[in-house]
Amino acid sequence: MPWYLNFIIIYLAVLALISVVITVADKISAKRNGWRVPEATLMLLGLFGGALPMFVTMRTIRHKTKHKKFMIGLPLEIALHAAIACFAVWLHFN
């Protein structure tokens with residue numbers, strides 16, 4: 001396996017963990033009326049690769065499911081990531 005695939009796998013795993021932890025922490029803070037994670041931060045985490053685990057977490061814990069920004073934006077980011085992955089695979093085999 002090429003070195004960069006290991007890097008990508010580790011990067012996505014770490015980002016997935018960070019995205020899930022921050023999403024759950026924001027849910028807990030929302031229940032306690034505490035400090036909240038800015039929505040822009042959550043969307044950027046998704047854009048950088050954490051969209052899928054963040055979307056699954058939000059649906060599972062019912063956090064921000066009424067916010068169209070997240071329920072439409074995160075799936076769009078997931079589609080973007082899938083398109084980039086397909087393009088990278090296509091480039092690799094052509």
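In this report, the structure presented in the accompanying data block is examined. (Residues numbered from 1 in each chain as written. Predicted model: local features only at pLDDT ≥ 70, side-chain atom pairs only at ≥ 80, totals over all residues. Heavy atoms only, no water.)

## Examining helix α1 (residues 3–31)
- With 29 residues, α1 should cover 42 Å at 1.5 Å per step; its first-to-last C-alpha distance of 43 Å lies within 8% of that length.
- Considered for burial, the residues of α1 that qualify are Leu15, Ser19, Thr23, Asp26, Lys27 and Ser29.
- Summarising the contacts, the buried residues of α1 are in contact with α2 (39–61).
- Asparagine 33 sits one or two positions beyond α1 and adopts a positive phi of about 55 degrees. (Helix = DSSP H or I, 4+ residues; strand = E, 2+ residues; numbered from the N terminus. Expected span 1.5 Å × (residues − 1). Buried < 20%, exposed > 50% of the residue type's maximum accessible area, 1.4 Å probe, protein only. Contact = heavy atoms within 4.5 Å.)

## Details of the packing of α1 against α2
- The contact between α1 and α2 brings their axes to 8 Å, and the two run at 55 degrees. Taken together, the axis directions place α1 and α2 in an arrangement best described as oblique. α2 is crossed by α1, and the crossing has right-handed handedness. The segment α1 lies against α2, with Tyr11, Leu12, Leu15, Ala16, Ile18, Ser19, Val20, Ile22, Thr23, Val24, Asp26 and Lys27 engaging Leu42, Leu45, Phe48, Gly49, Gly50, Pro53, Met54, Thr57, Met58 and Ile61.
- Looking at the contact of α1 with α2, its residues break down into 15 nonpolar, five polar and two charged. (Axes fitted to C-alpha atoms, helices over the stretch in contact; angles between N-to-C directions. Parallel < 35°, antiparallel > 145°, perpendicular 65-115°, else oblique. Left-handed = near helix turned anticlockwise from the far one by under 90°. Nonpolar A, V, L, I, M, F, W, Y, C, P; charged D, E, K, R; others polar.)

## Let's talk about the side chain of lysine 27
- In this structure, lysine 27 sits in helix α1.
- At 3.2 Å, the side chain of lysine 27 forms a polar contact with the backbone oxygen of arginine 62.
- If sequence neighbours within four positions are ignored, lysine 27 has contacts with Ile61, Arg62 and His63. (Polar contact = N/O pair within 3.5 Å; in protein donor to acceptor, adjacent residues only side chain to side chain.)

## Observations regarding the pattern of salt bridges
- One pass over the structure, following the stated rule, counts three salt bridges.
- One salt bridge connects aspartate 26 with arginine 36, and the closest N-O pair in it is separated by 2.9 Å. In this pair, aspartate 26 sits in helix α1 while arginine 36 sits in the loop between α1 and α2, placing the two residues ten residues apart along the sequence.
- For aspartate 26, a relative accessible area of 0% translates into the label buried.
- Across the salt bridge formed by lysine 64 and glutamate 39, the nearest N and O atoms sit 3.6 Å from each other. Of this pair, lysine 64 sits in the loop between α2 and α3 (68–93) while glutamate 39 sits in helix α2, and the two are 25 residues apart along the sequence.
- A relative accessible area of 26% places glutamate 39 in the partly exposed class.
- Look at the salt bridges and you will find they share partners, linking Glu39, Lys64 and Lys69 into a network. (Salt bridge = Lys/Arg side-chain N within 4 Å of Asp/Glu carboxyl O.)

Honestly, it's all geometry; don't read function into it.
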